[in-house]
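The primary structure of each chain is shown beneath.
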Amino acid sequence: MGLWGTEAGDEKLKENIGKEKMSGAQVLVRFLEAKGVSQLYGIPGAAILPFYDAVIDSEQIESYVVRHEQMAVFMADGYSRTTGKVGVCACTSGPAATNFITGLYGAYGDSVPLLAFTGQAPSAFVGKDAFQEAPVVEMAQHVTKGAFLVKKAEDLPGIIKEAWRLATTGRKGPVLLDLCLDAQKGMVDVDLDELLFEEPEVLPRAGQEEIRKCLEMIRGSRRPVLYVGGGVVLADAAAEFRQLAETLRIPVVCTLMGKDALPNDHELFAGMVGTICNSPLGNKTFLESDLVVALGGRFGDRGTGAIDLYTKGRRFIHVNLDPREINRHVKTELGIAADLKSFLQSLNALIEEIGYVPGTAAESRIQGLLADKPKVARQREFDHFPMKPQHAMYELRKNLKRDAIVTHDCGISQIWSSQMFEMYEPRTYLITGRAGTMGWGLGAALAAKLAKPGTQVVNLLGDGSLGMSLQDLATAAKFNIPVIIFVLNNSLLGLIRQQQNLFFDKRRLSTELDYENVEMGHARGIDFVATARGMGVAAELVEKPEEIKEALGRAFAANRPYLIEVLVDPEAVCSVSRDGTIAGVVETV
C-alpha cells in the first residue's frame, strides 16, 4: 500500500475513464435520443416523475400528454405502424400501468415494436402492497417480447439495450420496463459508446434450394394464388411483392393485415379471404386455387374459418420470419423461416435469371378475374334513408387522396371497411388484426398525423368505439392535431346486435346505445358534435351521402381536428359466414 493509500483510487479512476455519471432516468433519455426517438406519449405520475424530469432537458423528444393511459400505448403503436420505427410511451405505477396492458396486447399480437416505461414503487416496497404498487411485469410478460422490473440504476444501461434489441429484431414487438423510483433517481457511470453500440441484425435467409423448390411448385400448379399477410408490410417488402405478382401474373388475395400490401385497384388484386373480413372474389379465388403461396400471415381463425374446407384440395407454401408460425395452424408442404424482403428479392432474381415467362393460361386466368370483379362486387351506393354505412364509406374513399392513412377500431365499421374500403399504399390501413381493440383508432390516427403531418389521416369508426376513446378528443384539440374523426352513428353495438339477431333468435340485450338526450333534443344518446365542440374540436352532422364531400372539404380546410358525425341506418348489416367456413358467407346489406 502506498504512503497515501491511493492505488485503489487510481484503479477506480481508470475504470471511469470515458464514462459519464448520470441518473438512471438520464440514461434512458440519452439512449432514446441516440436511437432517434422524437415523441413520447403518456401521462406523468409520481412514480415516473424522474424520467419525465429528464425528458425536460431533451431538445429532441417532444412529450404528448393524453387523457387515458391506454391512449398512450395506442399512439406509440400507431406511430410504429406508420413509420416502422419504435414508438415510446410512459405512465406511472399501479392503475396507470395496468391500463397499458390492453395496448401492449394489441401491439404484441401484430408484431409492432414499441417501448413502454411504467413507474414503480421504490425497490424496498416492491411486493409489499405499497400504494399504487402492482405486479405489472407479471401481468405484461404474456403480451410482450420482454418485461423487466428494474430495481437498480446500474442495471439500466444493460436492460434498456436489451429491451431495444428485443423490440427491434426478429419478429418485432413491445417491451415493458417497470422502473422503480430509486432506479430512476440513482446515479450510474455510463460508457456511452458501449451503451449505444449495436450489432447489425442478421436475419434468417432462405436457402437457394428452398427458393428453387418454391418456384418449382408455383410453375407446377394450375391455379396458384399469392396470399399476402401483414409480414410483407412490416418487412417493407411491398415493392418486391408487387414485382413478384406482376412477373408471375398470379392473382393476389390478402389477410386483414395485408390489405395495403398491393393497391386494391390493381388488376391482380382479388380481395380478402375470411369468414367475416372478406370479399366475394377473394374467397372465390382462394377456393378455386390449388396452391397457396402464403407470404407472412399467421392463418388466423377469422381468415381461415373451418380448416378442413380451407385446406381441402390445395397445397401450401408458407414463408414467415417466425418459424413458430409454420405448420402451427395449417400443414404446409414447403415451410420457409426467412426474412420476407430478402426472400422475395431472391425469388425475383431467380425468376429473372432463368428467364421464366408465364404462359397464356396465366393471362387467361387474369382476364377471367377482371371479368368477375364487377359481377361479384358488393353494392356501395344506395337510394336509402337513413344512409347506408356502405355508401358513407364509399363517399369517404372517393374524397381522400390515395396515400391517406385510415385507422380503425373494431366492430361492424371495421368489417364494412375490410370488405369494401380500398387502400393503395403500404402502412396506410391501420388496424389491430389480432386484438380487435375498440378505442384504438383515435390514438393511432393522432400519432400517424404527428409522424406524417403532410398526409391526410382519418379515424374511421362507429359510435360504440368512439365512446371508448372520446376523452382523447381533448388531446387532439390541445395539440391541434388535424385528424378527421369520421364516426358512423347507428346508436348500436352494431356487430354484436347482428350476432344477437342471427345466432340468438333476436334476443337483444345491452347493444342499444340510444337514449333520450333531453339536453340536446334528440334520442340518439351521446351528441358527438356537441361533445367534440365542447372539447375544442370542430364538428358537424351529416345525414345524406351527397353532404359528405363538402363536409370533408371543410374538415381538411380547417387544418385542425374535425369530427364528422354520420347518421346511418341501424338496420344495415355486414356479410358474414353463417356456417363457420369461408364458403358460407351470405351476402346482406
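All figures in this text were calculated on a predicted structure; none of them were measured in a lab.

Basis of the calculations
- Residues numbered from 1 in each chain as written.
- Predicted model: local features only at pLDDT ≥ 70, side-chain atom pairs only at ≥ 80, totals over all residues.
- Heavy atoms only, no water.
- Salt bridge = Lys/Arg side-chain N within 4 Å of Asp/Glu carboxyl O.
- Buried < 20%, exposed > 50% of the residue type's maximum accessible area, 1.4 Å probe, protein only.
- Pairing = 2+ DSSP bridges.
- Helix = DSSP H or I, 4+ residues; strand = E, 2+ residues; numbered from the N terminus.
- Axes fitted to C-alpha atoms, helices over the stretch in contact; angles between N-to-C directions.
- Contact = heavy atoms within 4.5 Å.
- Core = buried A, V, L, I, M, F, W, Y, C linked by side-chain atoms within 4.5 Å.
- Right-handed = clockwise from strand over helix to strand, strands pointing away.
- Patch = residues over 30% accessible without salt bridge, like charges linked within 9 Å, V, L, I, M, F, W, Y side chains within 5 Å.
- Areas by Shrake-Rupley, 256 points an atom, 1.4 Å probe, with all protein chains shown as cover.
- Phe/Tyr/Trp six-rings, centres within 6.5 Å; stacked < 30°, edge-to-face > 60°.
- Lys NZ or Arg CZ within 6 Å of the ring centre and 35° of its normal.

**Quick notes on the pattern of salt bridges**
Line of reasoning, step 1. In this structure the tally under the stated criterion is 29 salt bridges.
Line of reasoning, step 2. Put simply, Glu288 and Lys284 hold a salt bridge, and the shortest N to O gap is 2.9 Å.
Line of reasoning, step 3. Residue Lys284 is classed as partly exposed on the basis of its relative accessible area of 30%.
Line of reasoning, step 4. Several salt bridges converge on common partners, so that one network encompasses Arg171, Asp322, Arg324, Glu325 and Arg328.

**Side note on the sheet that holds strand β3 (residues 62-65)**
Line of reasoning, step 1. Across the sheet, which stays open at both edges, the six strands sit in the order β3-β2-β4-β5-β7-β6 with parallel pairing between neighbours. The open sheet terminates on both sides in strands that have one partner only, identified here as β3 and β6 (146-150). In this sheet, adjacent strand axes meet at a mean angle of 20° when their direction is disregarded.
Line of reasoning, step 2. Note: strand β2 (residues 39-42) against β3, four bridges, orientation parallel. Considered in β3, the bridge of Tyr41 is made with Tyr64.
Line of reasoning, step 3. Strands β5 (114-120) and β7 (174-180) of the sheet are contacted by helix α6 (residues 101-109), whose axis makes an angle of about 150° with β7.
Line of reasoning, step 4. Strand contacts of helix α8 (residues 156-168): β5, β6 and β7, with the helix running at about 160° to β7, the strand carrying the most contacts.

**Remarks on the pairing of strand β4 (residues 87-91)**
Line of reasoning, step 1. With five of five residues buried, β4 is to be regarded as a mostly interior element.
Line of reasoning, step 2. Both faces of β4 are covered, namely the face carrying Gly87, Cys89 and Cys91 and the face carrying Val88 and Ala90.
Line of reasoning, step 3. Bridge count for β4 against β5 is five bridges, and the pairing is parallel. Pairing of Gly87 across the sheet is with Leu114, part of β5.

**Quick notes on the nonpolar core**
Line of reasoning, step 1. Core analysis: the largest hydrophobic core is formed by 76 residues, its most contacted members being Phe241, Val252, Leu295, Phe343, Phe486 and Ile564.
Line of reasoning, step 2. The biggest single contributor to this core is helix α17 (residues 340-354), with six residues.
Line of reasoning, step 3. The contact partners of Ile564, leaving out residues within four places of it in the chain, are Ile484, Ile485, Phe486, Val487, Glu540, Val542, Ala551, Leu552 and Ala555.
Line of reasoning, step 4. Formed by 54 residues, the second largest nonpolar core is a distinct cluster that contains Phe74, Tyr79, Cys91 and Ala447.

**Some thoughts on the pairing of β2**
Line of reasoning, step 1. On β2, burial covers both faces: Gln39 and Tyr41 on one face and Leu40 and Gly42 on the other are all buried.
Line of reasoning, step 2. Handedness of the β-α-β unit built from β2, helix α3 (residues 49-56) and β3 comes out right-handed.

**With respect to a nonpolar patch on the surface**
Line of reasoning, step 1. Side chains of Leu502, Phe503 and Phe504 sit close together on the surface and give an oily, nonpolar patch of about 300 Å² of accessible area.
Line of reasoning, step 2. Topologically, Phe504 is positioned in the loop between α24 (494-503) and α25 (528-535).

**Quick look at the environment of Phe503**
Line of reasoning, step 1. Mapped onto the fold, Phe503 is located in helix α24.
Line of reasoning, step 2. On the accessibility criterion, Phe503 (45% relative accessible area) is partly exposed.
Line of reasoning, step 3. Apart from the residues within four sequence positions on either side, Phe503 is in contact with Ser577 and Arg578.

**Some words on the packing of aromatic side chains**
Two descriptors summarise a pair of aromatic rings, namely the distance from one centre to the other and the angle between the planes of the rings.
Line of reasoning, step 1. Taken as a whole and judged by the stated rule, the model has 13 aromatic pairs.
Line of reasoning, step 2. Ring centres of Phe31 and Trp164 lie 5.9 Å apart, and the angle between their planes is 75°; on these two criteria the pair is classed as edge-to-face. Highlighted residues: Phe31 in helix α2 (residues 24-34) and Trp164 in helix α8, separated in sequence by 133 residues. Side by side, Phe31 and Trp164 carry an identical accessibility label, which is buried.
Line of reasoning, step 3. Between Tyr227 and Phe299, the aromatic rings sit 6.0 Å apart at their centres with planes inclined by 40°, giving tilted as the arrangement. Of the two residues, Tyr227 sits in strand β9 (residues 224-228) while Phe299 sits in the loop between β12 (291-295) and α15 (301-304), which places them 72 residues apart along the sequence.
Line of reasoning, step 4. With a relative accessible area of 4%, Tyr227 lands in the buried category.
Line of reasoning, step 5. Cluster of aromatic residues (ring-pair linked, three or more members): Tyr227, Phe286, Phe299, Tyr310 and Phe316.
Line of reasoning, step 6. Its end group placed over the ring of Tyr424, Arg402 keeps NZ or CZ at 3.9 Å from the ring centre.

**Focus: the environment of Pro280**
Line of reasoning, step 1. Tracing the sequence through the fold places Pro280 in helix α14 (residues 280-287).
Line of reasoning, step 2. Once the C-alpha coordinates of Pro280 and Gln419 are considered, the two residues, 139 residues apart in sequence, prove to be 8.8 Å apart.

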